[in-house]
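Okay, here's what each chain looks like letter by letter:
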Amino acid sequence: MVLGGSAAQAQPAMSREYELKAVFLFNFLQFVEWPPTAFSATESPLSIGVLGDNPFGRVLEDTVRGEVTRGRKVTVRHARRVSELRECQVLFIAASERGRIAEIMAELGDAPVLTVGELPDFATRRGGAVNFFFQQNKLRFEINAAEAQRRGLKLSSQLLSLAKIVGPSLSVGRN
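Now for a quick tour of the structure. (Residues numbered from 1 in each chain as written. Predicted model: local features only at pLDDT ≥ 70, side-chain atom pairs only at ≥ 80, totals over all residues. Heavy atoms only, no water.)

**As for the overall build of the protein**
Counting secondary structure elements, the protein contains 6 helices and 10 strands. Looking at the 175 residues of the protein, the share that counts as buried comes to 48%. Long-range contacts, defined here as pairs at least 24 residues apart, represent 57% of the contacts in the protein between residues at least 6 apart. Here the protein has roughly 9100 Å² of accessible surface; of this, 50% comes from carbon and sulfur atoms. (Helix = DSSP H or I, 4+ residues; strand = E, 2+ residues; numbered from the N terminus. Buried < 20%, exposed > 50% of the residue type's maximum accessible area, 1.4 Å probe, protein only. Contact = heavy atoms within 4.5 Å. Areas by Shrake-Rupley, 256 points an atom, 1.4 Å probe, with all protein chains shown as cover.)

Take a look at the structure:
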């Protein structure tokens, strides 16, 4: 994806970071299986929610525009309240929400939502399922597979093989 114009030139590093994160979020949809209860209807879209300040600009919407995954249209929603994003299958919790992580996780409860963050300890001690981090100037992600499993999500072995696995071990085999 190529961005043009002064907006891309104003924040090239930030734009590139969030271009990559947008692609990761979209790709997560292809490697996670949600229980039927994650959808209000059989024709419901696969939704990526962004909670808090939107660091993506239009990049996330541009990434998923016109996409269909698992027979469902892919959509993006933005909000400042968890209650407005309850029907999303992936919830990106922006760094702006760092002081509310415990409250957000409590409000989500056991909802079948793949929680994705970008804060230290998000997947190891804050209850998140996926966390972005940089290692040797490369964007990486870690997965707390036990947390995803607790929420009723099935992660593909392909996805798990690409991640740094954190948190307790899974009690059952990977699919």
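What follows continues from the structure just given.
**What about the sheet that holds strand E8 (residues 138-143)?**
Strands sit in the order E3-E4-E2-E5-E6-E7-E8-E10 across an open sheet of 8 strands; the sheet is mixed. Since the sheet does not close on itself, it has two edges, and those belong to strand E3 (68-69) and strand E10 (164-165), each with one partner. In the packing of helix H4 (residues 101-108) onto the sheet, the strands contacted are strand E2 (46-51), strand E5 (90-93) and strand E6 (114-117), and the crossing angle to E5 comes to about 165 degrees. (Pairing = 2+ DSSP bridges. Axes fitted to C-alpha atoms, helices over the stretch in contact; angles between N-to-C directions.)

**Some points on the environment of phenylalanine 92**
Within the secondary structure layout, phenylalanine 92 lies in strand E5. The exposure class assigned to phenylalanine 92 is buried, which follows from its relative accessible area of 0%. Sequence-wise, phenylalanine 92 and valine 116 are 24 residues apart; in three dimensions their C-alpha atoms are separated by 4.7 Å. Apart from residues lying up to four places away in sequence, phenylalanine 92 is in contact with Tyr18, Leu25, Gly49, Val50, Leu51, Pro55, Phe56, Val116, Glu118 and Phe132.

**Points about the pattern of salt bridges**
When the charged atoms of two side chains with opposite charge come close together, those side chains can pair. Within this structure, the stated rule accounts for 12 salt bridges. For glutamate 19, the salt bridge identified is with arginine 16, shortest N-O distance 3.5 Å. With glutamate 19 and arginine 16 both in helix H2 (residues 12-30), this residue pair falls 3 residues apart, about one helical turn. Relative accessible area serves as the criterion here: at 9%, glutamate 19 is assigned to the buried category. (Salt bridge = Lys/Arg side-chain N within 4 Å of Asp/Glu carboxyl O.)

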